[in-house]
Amino acid sequence: MAGKDCVKVAVRVRPFNKREREAGSRCVVSMSGNAITIQDPRNPHTRRTFTFDYAFWSHSGFIRNRDGLFVAEEPGGRYADQGNVFNDLGQGILENALQGYNATLLAYGQTGSGKSYSMVGYGPNKGLVPTLCERLFRAVKANQESCQCQMLFSMLEIYNEQVIDLLSKGGRSPGGLRVREDQQRGFYVEGLRRVPCDSAEQVEQLMEQGTRTRTTAATHINANSSRSHMLISAQLKQIFTEENITKQSNINLVDLAGSERQRCSGLEADRLKEGTAINVSLTTLGNVISSLADAALGKKVVHIPYRDSVLTKLLQSALGGNSRTVMIATLSPSDICYEESLSTLRYAERAKRIQNKAVVNESPTERLVKELKAENAKLLLRLSRLGQDGRKTEEESKELRRLLTHNEMQIKAIQTLWEHHLQEALKDWETQYATITQERRMMQMHPYILNINEDPQLSGVVKLFIQEGDWDIGLSEGTSRTITIKGLGIQERHAVFTNEDRGVSITPVSGAKLMVNGLPITYRTELQHLDRLILGSSSTYLFVGFPCERGAEDWSRYDYDYFQSELAAAAGIHIPTLCEEQSPGVSGEPSVGLAQTDPSLLAVFYDYIKLIPMVTEANQMSQELNKGVEFKLEIKNLAMSDCRGRDLEKDIAVRVTSLENKQVWMWSKVKFVNRKFLMEEVYQQQVGSGGRQEAERQPLPRDRDPFWDPLEPLHLGSAHLWLQSLAFRIPLEEQVEVLGPEGTEEAILQAQLLPCSPMGLPLGEEDILIDPTELLGKRLDFQLFLEQCCGLRWLKEAKNRGVQIGFRVYDCPQTFYTPAVWHNVNPLLEHRLHFSAMRTSQDLLNYLQSSALVLELWGLQEGCADMVSSMEGLRMTPEGSFIIDKASAPDPSVLESPGCVSDLRSSMRALHQDLEQLRSANAALRKENNTLREQLNRGSESAGRGRPERRGSLRPSCDAELARALKVFYHSMTSVRAQLQRLRRHRPSEEADLLGLRLFVDEQSRLLRDFGEQLEESVTALKQDVAAIVRRKRERSGIWS
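Residues numbered from 1 in each chain as written. Predicted model: local features only at pLDDT ≥ 70, side-chain atom pairs only at ≥ 80, totals over all residues. Heavy atoms only, no water.

Asker: Let's hear about the overall build of the chain: which residues, and what values?
Answerer: Along its length, the chain carries 21 helices and 44 strands. Per-residue burial over the chain gives 46% buried out of 1041 residues. Within the chain, contacts between residues at least 6 apart in sequence are counted, and of these 68% link residues at least 24 apart. Surface accessibility of the chain: about 54,500 Å² in total, with carbon and sulfur atoms responsible for 50%. (Helix = DSSP H or I, 4+ residues; strand = E, 2+ residues; numbered from the N terminus. Buried < 20%, exposed > 50% of the residue type's maximum accessible area, 1.4 Å probe, protein only. Contact = heavy atoms within 4.5 Å. Areas by Shrake-Rupley, 256 points an atom, 1.4 Å probe, with all protein chains shown as cover.)

Asker: Help me get a handle on the sheet that holds strand E4 (residues 35-40), residues and values and all.
Answerer: In spatial order, the strands read E3-E4-E5; together these three strands make up an open sheet with antiparallel pairing. The two strands at the open ends of the sheet, each matched to only one other strand, are strand E3 (29-32) and strand E5 (43-51). Looking at each pair of strands side by side, their axes are set apart by 25° on average, direction ignored. (Pairing = 2+ DSSP bridges. Axes fitted to C-alpha atoms, helices over the stretch in contact; angles between N-to-C directions.)

Asker: Lay out the UniProt feature "binding site: ATP" (unreviewed entry) in the chain with the relevant residues and their values.
Answerer: Within this numbering scheme, the UniProt entry marks Gly 109, Gln 110, Thr 111, Gly 112, Ser 113, Gly 114, Lys 115 and Ser 116 as carrying the feature "binding site: ATP" (unreviewed entry). The topology assignment puts Thr 111 in the loop between strand E9 (103-108) and helix H3 (115-119). According to the relative accessible area criterion, Thr 111 is partly exposed, its value standing at 33%. Within the secondary structure layout, Gly 112 lies in the loop between E9 and H3. (UniProt positions renumbered as here; feature names shortened; annotations may be inferred.)

Asker: Outline the nonpolar core, supporting the account with residue identities and numerical values.
Answerer: Counting 52 residues, the largest nonpolar core has Tyr 608, Phe 631, Leu 633 and Phe 672 as the members making the most contacts within it. It is helix H13 (residues 599-624) that provides the largest number of residues to this core, a total of twelve residues. Discounting chain neighbours no more than four positions away, the residues touching Tyr 608 are Ala 568, Ala 571, Ile 573, Leu 633, Ile 635 and Ile 652. Grouped together as the second largest cluster of nonpolar side chains are 50 residues, Phe 782, Leu 784, Leu 792 and Val 821 included. (Core = buried A, V, L, I, M, F, W, Y, C linked by side-chain atoms within 4.5 Å.)

Asker: Which residues make up the packing of aromatic side chains, and what values do they have?
Answerer: For the coordinates displayed, the defined rule picks out 16 aromatic pairs. Relative to Tyr 562, the ring of Tyr 558 has its centre 5.0 Å away and its plane inclined at 70°; by these criteria the two rings are edge-to-face. The exposure classification of Tyr 558 matches that of Tyr 562, with both residues buried. Summarising the aromatic geometry, the rings of Phe 816 and Phe 882 are spaced 5.0 Å apart at their centres and angled 65° between planes, so their arrangement reads as edge-to-face. (Phe/Tyr/Trp six-rings, centres within 6.5 Å; stacked < 30°, edge-to-face > 60°.)

Asker: For the sheet that holds strand E21 (residues 448-451), give the residues involved together with the corresponding values.
Answerer: The six strands lie next to each other as E22-E21-E31-E30-E27-E28, forming an open sheet whose pairing is antiparallel. Every interior strand has two partners, whereas the edge strands, strand E22 (463-465) and strand E28 (519-520), have only one. Two strands pair when backbone bridges link them, and E21 and E22 are joined in this way by three bridges, in the antiparallel orientation. Each bridged residue has a counterpart across the sheet, and for Leu 450 the counterpart in E22 is Lys 463. In the packing of helix H11 (residues 560-570) onto the sheet, contacts are made with strand E27 (514-516), E28, strand E30 (532-535) and strand E31 (539-544), and the angle to E30 comes to roughly 80°.

Asker: Could you give an account of the packing of helix H2 (residues 82-98) against helix H4 (residues 128-142), with specific residues and numbers?
Answerer: Helix packing for two helices is described by the angle between their axes and how far apart those axes are. Two elements in contact, H2 and H4, have axes whose closest approach is 10 Å; the angle formed by their N-to-C orientations is 45°. Here H2 is positioned oblique relative to H4, judged by the angle of their axes. Viewed along their axes, H2 and H4 form a crossing whose handedness is right-handed. Facing H2, whose interface residues are Val 85, Phe 86, Leu 89, Gly 90, Gln 91, Ile 93, Leu 94 and Leu 98, H4 presents Leu 128, Thr 131, Leu 132, Arg 135, Leu 136 and Ala 139. Class assignment of the residues belonging to the contact of H2 with H4 gives a composition of ten nonpolar, three polar and one charged. (Parallel < 35°, antiparallel > 145°, perpendicular 65-115°, else oblique. Left-handed = near helix turned anticlockwise from the far one by under 90°. Nonpolar A, V, L, I, M, F, W, Y, C, P; charged D, E, K, R; others polar.)

Asker: Describe in detail unusual backbone geometry, supporting the description with residues and values.
Answerer: At Asn 626, a residue that is not glycine, the phi angle is positive and equals roughly 55°. Within the fold, Asn 626 resides in the loop between H13 and strand E32 (629-636).

Asker: Give me the lowdown on the side chain of Lys 650, citing residues and values where you can.
Answerer: Checked against the element boundaries, Lys 650 lands in the loop between E32 and strand E33 (651-658). Apart from the residues lying within four places of it in its own chain, the contact partners of Lys 650 are Leu 601, Val 604, Lys 636, Asn 637 and Leu 638.

Asker: How would you summarise the environment of Gly 487 if you had to cite specific residues and measurements?
Answerer: With respect to the helices and strands, Gly 487 occurs in the loop between strand E24 (482-484) and strand E25 (495-500). Taking the C-alpha atoms as reference points, Gly 487 and Ser 537, separated by 50 residues in sequence, lie 7.7 Å from one another.

Asker: I'd like a description of H11, backed by residues and values.
Answerer: In an α-helix, one full turn covers 3.6 residues, which means residues spaced three or four apart are oriented alike. Where burial is concerned, most of H11 is hidden: nine out of the eleven residues are buried. Along H11, the residues that are buried comprise Tyr 560, Tyr 562, Phe 563, Gln 564, Ser 565, Glu 566, Leu 567, Ala 568 and Ala 569. Where H11 terminates, the next one or two residues include Gly 572, which has phi positive at roughly 85°.

Asker: I'd like to hear about the confidence of the model for the chain, residue by residue, with values.
Answerer: The predicted model of the chain has a mean per-residue pLDDT of 80, with 78% of residues at 70 or higher. Confidence, read as mean pLDDT per element, is least for helix H18 (residues 892-895) in the chain (46) and greatest for strand E39 (residues 801-807) (95). Low pLDDT (under 50) marks residues 262-267, which in the prediction has eleven contacts with non-local residues, meaning those over four places away or in another chain. (pLDDT = per-residue confidence, 0-100.)

Asker: Summarise the pattern of salt bridges; cite the residues concerned and give the values.
Answerer: Taken as a whole and assessed by the stated rule, the structure comprises 24 salt bridges. Among the ionic pairs, Arg 646 bridges to Asp 642, the shortest N-O distance being 3.0 Å. A relative accessible area of 19% places Asp 642 in the buried class. Its salt-bridge partner being Glu 680, residue Lys 676 comes within 2.6 Å of it at the nearest N-O pair. In this pair, Lys 676 and Glu 680 are both assigned in helix H14 (residues 669-686), four residues apart and thus about one turn of the helix distant. Relative accessible area serves as the criterion here: at 2%, Glu 680 is assigned to the buried category. Several salt bridges share partner residues, and in doing so they unite Asp 40, Arg 42 and Glu 339 into one network. (Salt bridge = Lys/Arg side-chain N within 4 Å of Asp/Glu carboxyl O.)

Asker: Which residues make up the environment of Pro 130, and what are the values?
Answerer: Take Pro 130: it is sitting in helix H4. Expressed as a C-alpha distance, the spacing of Pro 130 and Met 207, which sit 77 residues apart in the sequence, is 8.9 Å. Those residues in contact with Pro 130, other than ones at most four positions away along the chain, are Met 119 and Val 120.

Asker: Any details on the pairing of E30? Residues and values, ideally.
Answerer: Residues Arg 532 and Ile 534 point to one face of E30 and Leu 533 and Leu 535 to the other, with burial holding for every one of them. Pairing analysis gives three bridges linking E27 to E30, with the strands arranged antiparallel. Bridge pairing in E30 places Leu 514 opposite Leu 535. As paired elements, E30 and E31 share four bridges and run antiparallel to each other. Within the sheet, the bridge partner assigned to Leu 535 lies in E31 and is Ser 539.

Asker: Got a sec to walk through H2? Specific residues and values, please.
Answerer: The largest bend in H2 is about 40°, located at Asp 88. Every buried residue of H2 is listed here: Gln 82, Val 85, Phe 86, Leu 89, Gly 90, Ile 93, Leu 94, Asn 96 and Ala 97. The opening residue of H2 is Asp 81, an N-cap whose side-chain oxygen sits 3.1 Å from the backbone nitrogen of Gly 83. Taken from the residues just after H2, Gly 100 is the one with a positive phi, measuring 100°. (Bend = angle between axes of the 7 residues up to and from the residue. Polar contact = N/O pair within 3.5 Å; in protein donor to acceptor, adjacent residues only side chain to side chain.)

Asker: Outline the pairing of E3, listing residues and values.
Answerer: Judged by which residues are buried, E3 turns out to be one-sided: Val 29 and Met 31 face inward and are buried, whereas Ser 30 and Ser 32, on the alternate face, are not. Direction of pairing for E3 relative to E4: antiparallel, over a ladder of four bridges. Opposite Val 29, over in E4, you have Ile 38 as the bridge partner. Counting the residues between successive antiparallel strands, the hairpin from E3 to E4 contains two residues, one of them, Gly 33, with a positive phi of roughly 65°.

So, in structure tokens, the structure goes:
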């Protein structure tokens, strides 16, 4: 009877990769025994601990030995190498398979977390799959005297719910292979090629063939390997002749697609569902695991959704069925991958609760042989009895002999089927071996181009040789001198390679997209060893020159990121530019100061280079489908700051523009990635299915079109109006620049801040404060007046647009918006709002002295709804002004309470009594003061009549004079600031000739001279006023000395 086996779960922590090291990432994962603890980088006190069956620490404490193997730095160290992982996981799978159990190994984790390295390995560091096959055949060879073994190997990929046979001899069938269901076999892939193998070398060769097919398929259907699942199946059949027992086991090794969590806030939510068919398999797998985990805990589970995806159909026996299953979850310990790593750990924790029921399997084929032999014995017995009884007839005898012959033929066919398939597989293996030998020989004779893929496992698989003469490269397969490649943006005849005089050049055909070392070329270009080529949208190749040109260079540095970094650098986006460093590094390479770069900038840079090929492919699909939409990468908040002048967090956005009517959308990174995969689905349906003519294509409904979205207001930029003048009750009139996300000038905004009375009347000069703390506890009223917006770049691009200004003041819960203005490059806003602080608090005073009012410019388009200010949560004074600083303002509900009204009246009576007492005390003090003054005057007259007579009995204060001087200086500086704004806006025309430039220089010189004179006059006047005040003070000090 089958017992219950829980799924064994292991977790492996990989080292930092190149990006994480350069970003200065911090390790947030620790390990103690089989317990994993992860720490929230934003809140170090928040920790989560998970316990698993196995835990492998591969993050640190290792070196590379002479053979290229990664091993522990010290004997007995904690580092878990590939051998340790196999001993704990692979050995168990091997033993289960040899005992006749089905065995499954699942690799789960985000893209780049080390799944493929653990499963397949790299170079001499072989992973679980090749090591398992090697040990399996070693065990078979050791038992070959008592056991005959047969192994069938298959390899498939699931992408977008389509099954691709990676070992198929023929072409890829449209829509992929079908998944069928049989009562005995369960779910299986119809038409999947299963190759007989009798050596580990043959399995390794088949894996190379599958990887080559996977690379070609990914290029052809524009798929990303990180979004596909790879499933390797090995069917092992052991025939024990002496015991007359057959054991059969299915070994499934599954490399799941990347498990990235899409960070999607409410603002980034997409109207179209994320991922659709591409994410169905992984999502359904999570639902199956959750349902099985709930069932293991005793919860009532109505339905387990195995049938909802292709992947879960094929893994039904591995999850809750007849299999012994192991899951290895790989994760990054970097703080920038915290969310993904935590999600992986939670997923693995659910998986370890699943219970399977594994049994030893008996081969149906061997059972059939037994049944046929038993039936033959019965037939022979009947024949002999018929002969003895003398009652046999000729017809009956013929029928029995026919059945006997048929059964013997079936037995012979079953027994010879394996040998026949094995001979065919050996012939294929010999052919492939000859092809590999030929390829290696040509590598030593000719230059070639080498494919570079985002997945390192798929890089370097395709080699296209350039022999002497001219060679066309493109989609065409017409001539013998054609190099055929497939991919987005590749033309029938895309370019021509020329190999002559020990040199290779490439010439693009008219209209073909071709880049060399990140730069587009339109003419014949000589290629140098290790030049980087991009053909079409994103087909990337590394040119390897003649054998005599090849040295000991490290080709591994020319990875996929290197290609994209070159493209980013050509577009002016690289780390030195982002950090405003003065010495940029080599194109596409990190600069010397990269280690000191802000990690957030590095994260943005790597996001940028990751999205470059996706944007290029989206543009190509838009062009081929005649969508008329253009995509462009932008860095959000590159030159923007908050109300205190601190840089805002930078992010990547994609600007989407309709070429026909100039409509614009701005998509977040998450939204664009989702839409890009939806675009691939549409592209494959309309272009990849049968090649129908454009006129025959069914138009996609707008609500399902991933290239379209409803129009929304766009954030164009922001300006900062500093509030410090309000703390002194000084009016401010400014012309502020509205800067876009990338630092471009979007407009000039004329704005005023006007201190006023509660009724809205302007204050006079006598109300200006020297010390802002005098405002504490007092009422402060001011008006914001937005007068005009000049030079709107948004309107210069298209006249049928409008704008609004939005802003938020201190603790107001809602954003205020100006009325929309349309069709005007220099619109008058004339929008005035009155704000009041009933009792100015220290927090408000600090806000005024250190913060700015951020004025956001929003762009509107026809069909886009205006933004409206909400009054919810806002409070107003009886005069109609908006109340700010609510923490110190009286609560209206308290004021309206009857009990509180009587208390307030009592308090008012007490205050009146105190006021009368203070008035009486003040009158007494004044009387006493006059008496003292008269006595002082009489005393001074009798003391000396020859001394100069004093003017006034008290020393005049200099504070008022200094305040008046500062006030005059402040008003003069307002005109100086206006002159500076004119200088900043004064620029030459783009179409100006030499005479125009000379006139511009003359005008600029005049403006600079005027600015210098005004500034000098203001400073000189202030110096003179201060000097006069100091002189008078000294004179008075002399009088009183």
